[in-house]
Amino acid sequence: MPEGLLEYFQIQEVDQVENQLHIYLDELNIPPSGYENNKLESKGFMPSTEISDFPIRGQKVTLHIRRRRWTVLDTGQIITRDWNLVREGTRMTTEFGLFLKKIFG
């Protein structure tokens, strides 16, 4: 898996079907940058995105990633994490940031 992935996502399930691994990941409930001082309520997840990753021991790997969304309680605004801002920070490698940017734009 891309380096830094488990800083923002938790593995929920791993399934093996024939010669393929399916890894299901949910974004952790960590407030996005710029919203640390707001009252947020998690409103579940966006639809799952499937990404092919590097094979593990000869098995194809598909990551099923669900991004979290929050409501800002004071305004009712729905927000998600801005992966471009995360990539520019020091907590994530450029490789992982580019990986997420490619997936989520």
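In what follows, the accompanying structure is described. (Residues numbered from 1 in each chain as written. Predicted model: local features only at pLDDT ≥ 70, side-chain atom pairs only at ≥ 80, totals over all residues. Heavy atoms only, no water.)

## Digging into the sheet that holds strand S5 (residues 59-66)
Under the convention used in this document: Strands pair, by our definition, only if DSSP identifies at least two bridges between them. Starting at the N terminus, helices and strands are each numbered in turn, a helix being any DSSP run of H or I of at least four residues and a strand any DSSP run of E of at least two. Axes, fitted as lines to C-alpha atoms, cover a helix only where it is in contact. Angles between the N-to-C directions of the axes lie from 0 to 180 degrees.
Pairing in this open sheet of four strands is mixed, and the strands run S1-S2-S5-S4 from one edge to the other. The two strands at the open ends of the sheet, each matched to only one other strand, are strand S1 (9-17) and strand S4 (49-56). Neighbour-to-neighbour, the strand axes of this sheet turn through a mean angle of 25 degrees, independent of strand direction. Direction of pairing for S4 relative to S5: antiparallel, over a ladder of six bridges. Within S5, the position partnered with Thr49 by the bridge is Ile65.

## Some remarks on the packing of aromatic side chains
Operational definition: We call Phe, Tyr and Trp rings a pair once their centres come within 6.5 Å, taking the six-membered ring for Trp, and we label the pair stacked below 30 degrees between planes, edge-to-face above 60, and tilted otherwise. Note on geometry: a ring has a charge over it if NZ (lysine) or CZ (arginine) is within 6 Å of the ring centre and within 35 degrees of the ring normal.
Under the criterion given, the structure shown has zero aromatic pairs. The lysine or arginine in question, Arg66, covers the ring of Phe45, its NZ or CZ lying 4.2 Å from the ring centre.

## Notes on the nonpolar core
Applicable threshold: Definition used in this section: a nonpolar core is a set of buried Ala, Val, Leu, Ile, Met, Phe, Trp, Tyr and Cys residues joined via side-chain atoms within 4.5 Å. Working definition: with a 1.4 Å probe on protein chains only, accessible area under 20% of the residue-type maximum means buried, over 50% means exposed, and in between means partly exposed.
One finds Leu5, Tyr8, Phe9, Leu21, Ile23, Leu25, Ile51, Val61, Leu63 and Ile65 forming the largest nonpolar core, which totals ten residues. Of all the secondary-structure elements, those providing two or more residues to this core are helix H1 (5-8), strand S2 (20-27) and S5.

## Describing the side chain of Gln59
Stated precisely, the cut-off is as follows: Residues adjacent in sequence count toward polar contacts only when both atoms are side-chain atoms; beyond that, a polar contact is any pair of N or O atoms within 3.5 Å, and within protein one must be able to donate a hydrogen and the other to accept it. Between two residues, a contact is recorded if the distance between any of their heavy atoms is within 4.5 Å.
With respect to the helices and strands, Gln59 occurs in strand S5. Within polar-contact distance, the side chain of Gln59 engages the side chain of Gln16 at 3.0 Å. Discounting chain neighbours no more than four positions away, the residues touching Gln59 are Gln16, Glu18, Asn19, Gln20 and Leu21.

## Considerations on the side chain of Arg68
Inclusion rule: Only four residue types enter the charge count: Lys and Arg as positive, Asp and Glu as negative, with His and the chain ends excluded. The term salt bridge refers to a side-chain nitrogen of Lys or Arg lying within 4 Å of a carboxyl oxygen of Asp or Glu.
Within the secondary structure, Arg68 is located in strand S6 (residues 68-72). Buried and unpaired, Arg68 has Asp26 as its nearest opposite-charge partner, separated by 6.1 Å. Among the polar contacts made by the side chain of Arg68, one reaches the main-chain carbonyl oxygen of Leu28 at a distance of 3.5 Å. Among the polar contacts made by the side chain of Arg68, one reaches the side chain of Ser42 at a distance of 2.6 Å. Filtering out sequence-adjacent residues up to four positions away, Arg68 remains in contact with Glu27, Leu28, Asn29, Ser42, Gly44, Phe45, Ile79 and Thr80.

These figures capture arrangement, not role.
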